[in-house]
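# Examination of the molecular architecture
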Amino acid sequence: MSDIKKNNGIRNIAIIAHVDHGKTTLVDAMFSQCGLFRAGQNVDERIMDSMDLERERGITIAAKNCSVIWNGIKINIIDTPGHADFGGEVERALSMADGALLLVDASEGPLPQTRFVLKKALEAGLKIIVVINKIDRKDARADAVLDEVYDLLIDLDANEDQLEFPLLYAIGRDGIAKRTLQEQGENLHVLLDLIVDQVPAPACNPDAPFQMLVSDLGYSDYLGRLAIGRIFNGRVKSKDFLIRIAENGRQLPLKISQLQIYEGLQLKSSEIAQAGDIAVLAGIDDVKIGDTICTRDAPKALKRITIDEPTVAMRFKINDSPFSGREGQYVQSARIRERLEKEALINVAVQVETAGDGEGFIVKGRGEFQLAILLETMRREGFELCVGRPEVILKYKDGEKLEPMEHLFVECDENFLGVVTEKLAVRKGRMTNLVNNGMGRARIEFSVPSRSLIGYRDEFLTDTRGTGVMNSYLIGYEEYRGDFPARFTGSLVSDRSGRAVAYALFNLEPRGRIFKVPGDPVYEGMIVGEHSKENDINVNPCKEKKLSNMRASGKDEAVVLSPVKLMSLERAINFIRDDELVEVTPRSIRLRKTVLSAHQRYAMRPSRR
């Protein structure tokens, strides 16, 4: 152990928080104050959110690396997602860090994902720095939030050292951090100084044989597959001959074609990288997250990254509707398989299997939102496919059926307490805590099966008039709580192909909610609306008004249709039942029955006596 040294020129820190608590905005301010941008340079907001979907939704989906130089010290920053469905990104990001900057909103306080990421950081033994952000909010309650952070740490069995965390207050949007609420605060210098002083320099042995753990993967059109990870021991040079130790212990030879390190937001070519730094190696085919890259003379594997198991599965299959191939560029099963396997390579929380009946692929992940983001990404890349309803992954132990359970936090107006409690009780939820602060809003905690939340979020927003907030995290597997109806309404199913007509849609409105507008193409088996009763009915959305030469005793009334709410991908996935599919193309999202023929569906119905 005497050979272990510290690389004092580097600090590796991950920024962790719940969704929308200000991680990416704070990183923007750190860039500006470390001189990464020249004076007057036009810079986008949330510059680390480089994916289109991240910018549109205002959330971080993939963990990303960057670096800043502060007083001659290189600080490698890992920006992590804040949504529970992207927990796999957090786990692999923490494997590269020695410390964690925990951001907590000064009004909302610690939320479920705060608990999840903090638990992972404590398990990894990282040095925690707490920053209470957005203290300029009108409803800020910084002192109460600090007490909640202490309660959370105690609840997570933090030791005495972890409870004595450094604390700062910040307004990330304005680039201000300070030690007390009374201070004026002008910049983030106190935060950057604290990172250098408190986050331990990476421990390593620079003279030992080279070892690097692959924590992330990238791709370059010029360099091919990129392996990204932290160097634990030794040093590496460009063009070195090394080996890769795979999951099964196999040793595969490789040669580094190019070596890069992070400089700001960019990757910069380098001839050498030292222990403790985060490096990017090019020229390694078939590398996987968790592999160890090391020297041929002393092959020794590092501990692989371990992640929580997936809890939700969805079926992905080719589009076999009458409109197949009209809008997508990639429609073949082999192309879909190739894309899903690529996703499983770069996202450790995703698993892909061939379906047991040979009909498509079963994709497993952390939640339906994670799989919806994957689908949205694929359709933007030109893929056309069909997907089924998300299903939770059940387990069996000693003959007992187990299912994943979530700890659900609901905050809503006290007027909506009754409807929320009633709906969750039907879905087998059990209330565990209720806090009413007397200010008109109540906070309720439930223990609910994960399957209860599939399709419930839209209903929850409707029930609470859009004012409710709902968050949850996985607490493990418990005994199966019994069946409950996934949806209390049926579907209006088109019985023929053609184009939707205003006259027909107007006359279907008393039956339920319509999804189509006049002129939309339809086919037999397509779902054109939601039936107000629980059974499905076949309808004709193409029916036109009969023309005759009989004069009416007044003018024909103009047909005025109710506004149609466009079906988003998440709403579509949450809406469908087990015998229905979502048809996803680059231009359209359609709902359909798995079996399109009305005659076949009628024949498949269970016989009634």
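Scroll up a little and you will see the structure.
These lines cover the structure that appears in this document, whether it is placed above or below. Being a predicted model, the structure only gives us computed values, none of them experimental.

## Considerations on the packing of aromatic side chains
- A full pass over the atoms with the stated rule returns five aromatic pairs.
- Measuring from ring centre to ring centre gives 4.9 Å for Y150 and F165, while their planes differ by 35°; the resulting arrangement is tilted. With a gap of 15 residues between them, Y150 in helix 5 (residues 142–155) and F165 in the loop between helix 6 (160–163) and strand 7 (167–171) connect regions that are remote in the sequence.
- The exposure class of F165 is buried, given its relative accessible area of 8%.
- Pairing F515 with F575 gives two aromatic rings, centres 5.3 Å apart and planes at 85°, and the pair type is edge-to-face. Of this pair, F515 sits in the loop between strand 32 (512–514) and strand 33 (521–522) while F575 is found in helix 14 (residues 569–575), placing the two residues 60 residues apart along the sequence.
- Over the aromatic face of F232 sits the side chain of R230, whose NZ or CZ is 4.9 Å from the ring centroid.

## Points about the pattern of salt bridges
- The final tally for this structure, using the stated rule, is 37 salt bridges.
- Linking E327 and R590 is a salt bridge whose minimum nitrogen-to-oxygen distance equals 2.9 Å. You can see E327 sitting in the loop between strand 20 (312–318) and helix 8 (333–346) and its partner R590 sitting in strand 37 (residues 589–593), a full 263 residues away along the chain.
- Close ionic contact of R427 with E459 constitutes a salt bridge, the shortest N to O distance being 3.2 Å. With a gap of 32 residues between them, R427 in the loop between helix 10 (417–426) and strand 27 (430–436) and E459 in helix 12 (residues 456–463) connect regions that are remote in the sequence.

## Notes on the sheet that holds strand 15 (residues 258–263)
- Pairing in this open sheet of eight strands is antiparallel, and the strands run 14-13-19-10-11-18-15-16 from one edge to the other. Looking at strand neighbours, the two that pair on one side only are strand 14 (251–255) and strand 16 (266–269), the edges of this open sheet. Each adjacent strand pair in this sheet contributes to an overall mean axis angle of 40°, direction not counted.
- Note that strand 15 and strand 16 share four bridges and pair antiparallel. Paired with Q260 across the two strands is S269, which belongs to strand 16.

## A word on the sheet that holds strand 34 (residues 527–531)
- One open sheet holds the four strands; their spatial order is 32-34-30-35, and the pairing between them is mixed. Two strands bound the open sheet, and with one partner strand each, they are strand 32 and strand 35 (537–539). Neighbouring strand axes in the sheet, compared pairwise and without regard to direction, differ in orientation by 30° on average.
- Sheet topology note: the strand 30 (residues 490–494)/strand 34 ladder contains four bridges and is antiparallel. By the bridge assignment, L492 is partnered in strand 34 with G529.

## Overview of the environment of R389
- Relative to the helices and strands, R389 is located in the loop between strand 23 (385–387) and strand 24 (391–392).
- The spacing of R389 and N574 is 185 residues in sequence and 7.2 Å in space, taken between C-alpha atoms.
- If sequence neighbours within four positions are ignored, R389 has contacts with A313, M314, I454, A486, I573, N574, I576, R577, D578 and E580.
- One polar contact links the side chain of R389 to the main-chain carbonyl oxygen of N574, over a distance of 3.3 Å.

## A short note on the packing of helix 4 (residues 112–123) against helix 5
- With their axes 11 Å apart at the nearest point, helix 4 and helix 5 run at an angle of 55° to one another. Viewed along their axes, helix 4 and helix 5 adopt a mutual orientation that is oblique. As for the relative orientation of helix 4 and helix 5, their crossing is right-handed in sense. Residue-level contacts link T114, R115, L118 and L122 of helix 4 to L152, L153 and D155 of helix 5.
- The residue inventory of the contact of helix 4 with helix 5, partitioned by class, reads four nonpolar, one polar and two charged.

## Digging into the packing of helix 10 against helix 12
- As a packed pair, helix 10 and helix 12 sit with axes 10 Å apart at the nearest point and diverge in direction by 160°. As the angle between them shows, helix 10 and helix 12 are arranged roughly antiparallel. Both helix 10 and helix 12 take part in a crossing whose hand is right-handed. Touching V419, V420, K423 and L424 of helix 10 are Y456, E459, F460 and D463, all from helix 12.
- In terms of residue class, the contact of helix 10 with helix 12 is built from five nonpolar, no polar and three charged.

## Looking at the nonpolar core
- Counting residues in each nonpolar core, the largest one holds 39 residues, and the members touching the most others are L102, L118, I128 and I132.
- The leading source of residues in this core is helix 5, at six residues.
- In contact with I132, not counting residues within four places along its chain, are V104, A106, A142, V145, L146, L167, L168, Y169 and A170.

Cut-offs and rules
- Residues numbered from 1 in each chain as written.
- Predicted model: local features only at pLDDT ≥ 70, side-chain atom pairs only at ≥ 80, totals over all residues.
- Heavy atoms only, no water.
- Phe/Tyr/Trp six-rings, centres within 6.5 Å; stacked < 30°, edge-to-face > 60°.
- Helix = DSSP H or I, 4+ residues; strand = E, 2+ residues; numbered from the N terminus.
- Buried < 20%, exposed > 50% of the residue type's maximum accessible area, 1.4 Å probe, protein only.
- Lys NZ or Arg CZ within 6 Å of the ring centre and 35° of its normal.
- Salt bridge = Lys/Arg side-chain N within 4 Å of Asp/Glu carboxyl O.
- Pairing = 2+ DSSP bridges.
- Axes fitted to C-alpha atoms, helices over the stretch in contact; angles between N-to-C directions.
- Contact = heavy atoms within 4.5 Å.
- Polar contact = N/O pair within 3.5 Å; in protein donor to acceptor, adjacent residues only side chain to side chain.
- Parallel < 35°, antiparallel > 145°, perpendicular 65-115°, else oblique.
- Left-handed = near helix turned anticlockwise from the far one by under 90°.
- Nonpolar A, V, L, I, M, F, W, Y, C, P; charged D, E, K, R; others polar.
- Core = buried A, V, L, I, M, F, W, Y, C linked by side-chain atoms within 4.5 Å.

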